[in-house]
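# Reading the structure
Next come the chains, spelled out residue by residue.
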Amino acid sequence: KAKELLSNLQPGQDVLAQLESVDQTIQQLKNTSNPVINPAGFYIRLIERNTPVPDGFETSAKRKAREENERKERERRAAEDAHEELEWEYERYCTAEVDRYIQANPAEFESIKNAKADEDRKMRPSSWPGLVETSAKIAARRAIQKQLPLLTFEEFVNHKKHGTDFSLKQVPLSPDTDSPRSEEHTS
């Protein structure tokens, strides 16, 4: 009977999906007041009539494909989250190094900050003093960060993979604001 059924299939008839659907129906009806009495006959009748698979029925192949897509999406999101966390760690590393340098060289920081504030006041004379001060602090920190021999993001990631300590030794010299290295270490 199986050979006869297979030789009489309609074009596009998905027998495997039909079999899985019948399996599910038989299981659902098993402990009800109306169970399938002759499962083999039930399979044969539905295949002979090319009974369509219910909308929304998920075959094992579709489920496997969906689960694989979900797994890949989870992996992609996990990799994205891990990269974002690395970026945050790198920013914390850079901030800590700038803070450490400023703590060791407060007069230099004040000098750079005051110069940045003067530049800002010249460009926008009507700016609020608090805004000028905040902007100058940010610009001074950025200028110092450019001068420090910080790891690049790629170096940071490589060191992190190998468990290396990220702290840099104190930089004894003042940064030279006109140094060609100033553009190399921006984040």
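Scroll up to find the structure this text is about.
Overview of the structure. (Residues numbered from 1 in each chain as written. Predicted model: local features only at pLDDT ≥ 70, side-chain atom pairs only at ≥ 80, totals over all residues. Heavy atoms only, no water.)

## Observations regarding the pattern of salt bridges
Where charged atoms from two side chains of opposite charge come close, those side chains can pair. The full count for this structure, using the stated rule, is 16 salt bridges. The partner of Asp99 in a salt bridge is Arg141, and the shortest N-O contact between them spans 2.7 Å. With Asp99 in helix H4 (residues 60-104) and Arg141 in helix H6 (residues 129-147), the pair connects residues that are 42 residues apart, well separated along the chain. With a shortest N-O distance of 2.6 Å, Glu133 and Lys113 are connected by a salt bridge. (Salt bridge = Lys/Arg side-chain N within 4 Å of Asp/Glu carboxyl O. Helix = DSSP H or I, 4+ residues; strand = E, 2+ residues; numbered from the N terminus.)

## Looking at the side chain of Lys113
Position of Lys113 among the secondary structure elements: in helix H5 (residues 106-123). Residue class for Lys113 comes out buried when judged on its relative accessible area of 6%. Reaching out from Lys113, the side chain makes a polar contact with the side chain of Glu110 at a distance of 3.0 Å. (Buried < 20%, exposed > 50% of the residue type's maximum accessible area, 1.4 Å probe, protein only. Polar contact = N/O pair within 3.5 Å; in protein donor to acceptor, adjacent residues only side chain to side chain.)

## Points about the nonpolar core
Core analysis: the biggest nonpolar cluster contains 18 residues, and Tyr90, Tyr93, Ile144 and Leu148 have the highest contact counts within it. When contributions to this core are tallied by element, the ones reaching two or more residues are H4, H5, H6 and helix H7 (153-161). Here the element with the most residues in this core is H4; it accounts for seven residues. (Core = buried A, V, L, I, M, F, W, Y, C linked by side-chain atoms within 4.5 Å.)

## A word on the packing of aromatic side chains
Summed over the entire model, instances satisfying the criterion amount to four aromatic pairs. The interplanar angle of 40° and the centroid separation of 5.8 Å between the aromatic rings of Tyr90 and Tyr93 together place this pair among those described as tilted. Linking Tyr90 with Tyr93, this pair stays in helix H4, spanning three residues, or about one helical turn. Members of the aromatic cluster, joined through ring pairs, are Tyr90, Tyr93, Phe153 and Phe156. (Phe/Tyr/Trp six-rings, centres within 6.5 Å; stacked < 30°, edge-to-face > 60°.)

## A few points about helix H2 (residues 15-29)
For H2, built from 15 residues, the straight-helix expectation of 21 Å at 1.5 Å per residue is met to within 8% by its first-to-last C-alpha distance of 21 Å. The complete set of buried residues in H2 reads Val15, Ala17, Gln18, Ser21, Val22 and Ile26. Tucked inside the fold, the buried residues of H2 contact helix H3 (39-48). (Expected span 1.5 Å × (residues − 1). Contact = heavy atoms within 4.5 Å.)

## Considerations on unusual backbone geometry
Positive phi is not limited to glycine here, since Asn50 has a value of about 50°. Structurally, Asn50 is set in the loop between H3 and H4. Look at Asn50 and you get partly exposed, because its relative accessible area is 28%.

## Re the side chain of Glu89
Looking at where Glu89 falls in the secondary structure, it is placed in helix H4. A distance of 2.8 Å separates polar atoms of two side chains, one belonging to Glu89 and the other to Lys160. Contacts of Glu89, omitting those with residues within four sequence positions, involve Phe156 and Lys160.

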